[in-house]
Amino acid sequence: MPQIASRVRSLGTETALDVLVKARAVEARGRSVIHLEVGEPDFPTPMHIVEAGVRALRDGKTRYGAPAGLPSLREAICEDLNLRGVRALPDRVLVTPGAKPILFYGFLATLSPGDEVLVPDPGFPIYASMVRFCGAVPVSIPPRLAEGRALDLDALEQAITPRTRMVVFNSPSNPTGAIVPEADLRRLAALAERHDLWVMADEIYRRIRYAAEEPSIAALPGMLDRTLLVDGFSKAYAMTGWRLGWGIFPAALAPHATRLMINSNTCTASFVQEAGLAALRGPYAFPDVRGLPLPSAALADRLLEEEAVALLDGVGFGPGGTGHLRLSFASSLESLEEAADRFGRLVARL
Ligand code: PLP
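All of these numbers come straight from a predicted model, not from anything done at the bench. (Residues numbered from 1 in each chain as written. Predicted model: local features only at pLDDT ≥ 70, side-chain atom pairs only at ≥ 80, totals over all residues. Heavy atoms only, no water.)

A. Broad picture of the pattern of salt bridges. Across all of its chains, the model carries 28 salt bridges by this definition. Between R144 and D154 there is a salt bridge whose closest N-O contact spans 2.6 Å. In this pair, R144 sits in the loop between β3 (137–141) and α7 (153–159) while D154 sits in helix α7, placing the two residues 10 residues apart along the sequence. Of the residues examined, R144 reaches a relative accessible area of 24% and is grouped as partly exposed. Judged by its relative accessible area of 35%, D154 falls in the partly exposed class. With a shortest N-O distance of 2.9 Å, R149 and D184 are connected by a salt bridge. Taken together, the residues span a long stretch of sequence, with R149 in the loop between β3 and α7 and D184 in helix α8 (residues 182–195) at a distance of 35 residues. Side by side, R149 and D184 carry an identical accessibility label, which is buried. (Salt bridge = Lys/Arg side-chain N within 4 Å of Asp/Glu carboxyl O. Helix = DSSP H or I, 4+ residues; strand = E, 2+ residues; numbered from the N terminus. Buried < 20%, exposed > 50% of the residue type's maximum accessible area, 1.4 Å probe, protein only.)

This is the structure:
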């Protein structure tokens, strides 16, 4: 038999996907299975995202696109990052089919044989697998679970050697749910600077949490140039099967990551990216106001003039929108409640 390259023998796997295949086989036999194996929301992709994808398909967004991603999506990602205090520009953003390619390109672009990479253990198994594939050595860093901390920073500091090239962490963590609190992020940033390390921050579970959000390590001073930030749409928007992820790369790495994309995928499906854009831009309400004694355009004008609420006349979205208003829901709950009160006040005066 011709030879098989030794590098593929070092690849690990995700037991979650093995169990998913088995669970689907059990379902095929007619049993109803409760899925607690794969990390995915158990509700469908929200309808406004699905509609945007379908519309994009109908509009012919089925061709090759820019390798790094649609400019509109990369800009929307930067706006989203800005809300987290990360001041990245679109030329640092790479959009990929799922978040995994960001991990892969990041490791491929930074690791040489013999390098050491500090990885969380227990942690997402693909980190150690890909590190080994690159000929580098994964070094296990334990969590401090009793304190809900995803990394034991004392152990991490002790594990640093002259061969250490990168620290990987995932907050909130798969599988423990622990986080890297702000104080630990600051200490980690200082260590990365002192030892000249790359940091791979996997923030894919950022929106699935029960407590206030800690900052992104990429928002800390000087960290944008050593952080590879991994994120995506799979978990936050119930889009695991669409395959849509993104990453922010330091300026020195971004062109190499884009080359890896060109060599492996060319680009991410355009219609999938349009769906992602709809996800980031947030859901909208489109109430029918034809029952009120004012046309929708006049209603929108008076709401702004008299109650200082800015929203859109539905007709701006096509003649079919006549008689409707378009409200963005991508605001705080307090703003939405206040807007609803003011809307009620105006309607009472009509
Ligand atoms: N990072 C972590 C920690 C994950 O759990 C997963 C998926 O399970 C990924 C990255 C990959 O996400 P995607 O499905 O978008 O490639």
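B. Up close: helix α2 (residues 15–28). In this model, α2 (14 residues) spans 20 Å end to end at C-alpha, consistent with the 20 Å of a helix rising 1.5 Å per residue. Of all the positions in α2, only A16, L20 and A23 are classed as buried. The buried residues of α2 all sit within an arc of 65 degrees when viewed along its axis, so they share a single face. Turned more than 90 degrees from where α2 packs its buried face, T15, V21, K22 and A28 sit exposed. Just downstream of α2, G30 is the residue with a positive phi angle, here 100 degrees. (Expected span 1.5 Å × (residues − 1). Arc of directions from axis to C-beta.)

C. Quick peek at the environment of G291. With respect to the secondary-structure elements, G291 resides in the loop between β8 (284–285) and α11 (296–307). Along the primary structure G291 and G323 are separated by 32 residues, whereas in three dimensions their C-alpha atoms are 8.9 Å apart.

D. Representation of the site of the ligand. Within the structure, the ligand sits among 13 residues, and D202, Y205, S234, K235 and R243 are positioned closest to it. Here an oxygen atom of the ligand sits 2.6 Å away from a polar atom, N or O, in the side chain of S234. A distance of 2.8 Å separates an oxygen atom of the ligand from a polar side-chain atom of R243. Considered on its own, the ligand offers 400 Å² of accessible surface; in the complex 94% of this is hidden by protein. The residue inventory of the shell around the ligand, partitioned by class, reads 5 nonpolar, 4 polar and 4 charged. (Near = heavy atom within 4 Å. Polar contact = N/O pair within 3.5 Å; in protein donor to acceptor, adjacent residues only side chain to side chain. Areas by Shrake-Rupley, 256 points an atom, 1.4 Å probe, with all protein chains shown as cover. Nonpolar A, V, L, I, M, F, W, Y, C, P; charged D, E, K, R; others polar.)

E. Region of interest: the sheet that holds strand β9 (residues 312–313). Taken in spatial order, the 3 strands of this open sheet run β8-β10-β9, and their pairing is antiparallel. Each end of this open sheet is capped by a strand with a single partner; those strands are β8 and β9. Taken together, the 2 bridges between β9 and strand β10 (residues 325–328) define a ladder with antiparallel strand orientation. Bridging across to β10, L312 finds its partner in R326. Of the strands in this sheet, β9 and β10 are in contact with α11, which crosses β10 at around 40 degrees. (Pairing = 2+ DSSP bridges. Contact = heavy atoms within 4.5 Å. Axes fitted to C-alpha atoms, helices over the stretch in contact; angles between N-to-C directions.)

F. Structural context of the sheet that holds strand β4 (residues 164–170). Here 7 strands make up an open sheet; going across it, the order is β1-β7-β6-β5-β4-β2-β3 and the pairing mixed. A single partner strand is all that each edge strand has here, and the edge strands are β1 (93–96) and β3. Between one strand axis and the next, the sheet turns through 20 degrees on average, direction left out of account. With 4 bridges joining them, β1 and strand β7 (residues 245–248) adopt antiparallel strand pairing.

By themselves, these are just geometric observations and shouldn't be taken as functional.
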